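# Structural overview for review
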Amino acid sequence: DQQVKQNSPSLSVQEGRISILNCDYTNSMFDYFLWYKKYPAEGPTFLISISSIKDKNEDGRFTVFLNKSAKHLSLHIVPSQPGDSAVYFCAAALEGSQGNLIFGKGTKLSVKP
Amino acid sequence: ETGVTQTPRHLVMGMTNKKSLKCEQHLGHNAMYWYKQSAKKPLELMFVYNFKEQTENNSVPSRFSPECPNSSHLFLHLHTLQPEDSALYLCASSLIGGLSNSPLHFGNGTRLTVT
């Protein structure tokens, strides 16, 4: 059974609007969450992260929100740009887990001009 | 340029072949990883090396054999693979393994096809 779920395989958004990518998890012991972005024919690149002791982390156009009671996190991109079109992976980690990030299956974001 | 270089980018091999995947990182990191991404499945951790010592083997079959001669280089030796082993194999590195806030830096992967 998947511990990290991204229930939307794809999302289409108009340029300039907000993109909201969602992620749910089942293990309440996860203490760190990360978002990675992947373009075709490239490896995932780290985008933004959040510790379980916080509920929000912002970096430029990207903000991650964490709702521990709901075991839910989301990535907000505003304003969305065509270059943001990629697959976005949510990942969760346990402290000391030796890099064993548990990844979701990803959401493909398409930002239309 | 990600700082993590994987070769080859594509590999086709028969089930009786022996081949190796290579990964090199130029980031001064001390931990290196092999991940596997199969079609329609999440990324799965295979092996972790921390300061050249293997610290994690995620129940990977013995037909996959990792080697880490130093903190900058990582190999994955392949022999007698099965068609279901066809996947994208991703190498990653991080400053220190075991710290959840030490993000992974991935290479561009090797697309492996086993015929």
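Everything discussed here concerns the structure shown above.
First, a word on scope: everything that follows refers to the structure included in this document. Computed from a prediction, not measured in an experiment: that's the story for all the values here.

Most peptide bonds take the trans configuration, and most residues that are not glycine carry a negative phi. Look at the link from V78 of chain A to P79 of chain A: it is a cis peptide, with omega at -10 degrees. Following the sequence through the fold, P79 of chain A ends up in the loop between β8 (72-77) and β9 (86-93). P8 of chain B follows T7 of chain B through a cis peptide bond whose omega is -10 degrees. Turning to its location among the elements, P8 of chain B is positioned in the loop between β1 (4-7) and β2 (10-13). With a phi angle near 65 degrees, A41 of chain A is a residue other than glycine that sits in the positive phi range. With respect to the helices, strands and loops of the structure, A41 of chain A is situated in the loop between β4 (32-38) and β5 (45-51). Exposure remark for A41 of chain A: the relative accessible area of 55% places this residue in the exposed category. The backbone phi angle of K52 of chain B is positive, close to 70 degrees, even though this residue is not glycine.

Size of an interface, as often reported, equals the accessible area lost when the parts are brought together. Taken together, the contact between chain A and chain B spans 24 residues of the former and 26 residues of the latter. Interface area for chain A against chain B, summed over the two sides, is near 1,900 Å², with a carbon-plus-sulfur share of 56%. For the pair chain A and chain B, the number of links is 0 salt bridges. Summed over the shared surface of chain A and chain B, the number is 4 residue pairs in polar contact (both at pLDDT 80 or more). Those elements that place two or more of their residues in the side of chain A that touches chain B are β4 and β9 of chain A. Of the residues contributing to the side of chain A that touches chain B, the split by class is 11 nonpolar, 8 polar and 5 charged.

Okay, the packing of aromatic side chains next. Residue and element names in this part refer to chain A. Taken as a whole and judged by the stated rule, the model has 11 aromatic pairs over all chains. Taking the centre distance of 6.3 Å and the plane angle of 80 degrees together, the rings of F30 and F33 count as edge-to-face. A relative accessible area of 4% means that F30 is categorised as buried.

Moving on: the nonpolar core. Counting 23 residues, the largest nonpolar core has F33, W35, L73, L75 and Y88 of chain A as its most contacted members. Secondary-structure elements contributing two or more residues to this core are β3 (19-25), β4, β5, β7 (62-67), β8, β9 and β11 (107-112) of chain A. In contact with L73 of chain A, not counting residues within four places along its chain, are L21, N22, C23, Y25, F33, W35, V64, F65, L66 and C90 of chain A. Judged by nonpolar contacts, the second largest core, of 22 residues, contains V4, Y49, L74 and L81 of chain B.

Let us look at the state of the cysteines. All names here are of chain A. Inspection of the entire model under this criterion finds 2 disulfides over all chains. Between the sulfur atoms of C23 and its disulfide mate C90 the distance is 2.0 Å. Taking the sign of the torsion about the S-S bond as the criterion, the disulfide between C23 and C90, at about -75 degrees, is left-handed. Taken together, the residues C23 in strand β3 and C90 in strand β9 connect sequence positions 67 residues apart.

This part takes up the sheet that holds β1 of chain B. Residue and element names in this part refer to chain B. In space, the 4 strands of this open sheet follow the order β1-β3-β8-β7, with antiparallel pairing throughout. Across the chains shown, the open sheet's two edge strands, defined by having one partner strand only, are β1 and β7 (64-70). Averaged over neighbouring strand pairs, the angle between their axes works out to 20 degrees when direction is ignored. Bridge count between β1 and strand β3 (residues 18-25): 4 bridges; the pairing is antiparallel. Looking across to β3, one finds that V4 is bridged to Q25.

Calculation notes
Residues numbered from 1 in each chain as written. Chains lettered and ligands numbered in written order. Predicted model: local features only at pLDDT ≥ 70, side-chain atom pairs only at ≥ 80, totals over all residues. Heavy atoms only, no water. Helix = DSSP H or I, 4+ residues; strand = E, 2+ residues; numbered from the N terminus. Buried < 20%, exposed > 50% of the residue type's maximum accessible area, 1.4 Å probe, protein only. Contact = heavy atoms within 4.5 Å. Buried area = accessible area lost by both parts, 1.4 Å probe. Salt bridge = Lys/Arg side-chain N within 4 Å of Asp/Glu carboxyl O. Polar contact = N/O pair within 3.5 Å; in protein donor to acceptor, adjacent residues only side chain to side chain. Nonpolar A, V, L, I, M, F, W, Y, C, P; charged D, E, K, R; others polar. Phe/Tyr/Trp six-rings, centres within 6.5 Å; stacked < 30°, edge-to-face > 60°. Core = buried A, V, L, I, M, F, W, Y, C linked by side-chain atoms within 4.5 Å. Disulfide = S-S within 2.5 Å. Pairing = 2+ DSSP bridges. Axes fitted to C-alpha atoms, helices over the stretch in contact; angles between N-to-C directions.

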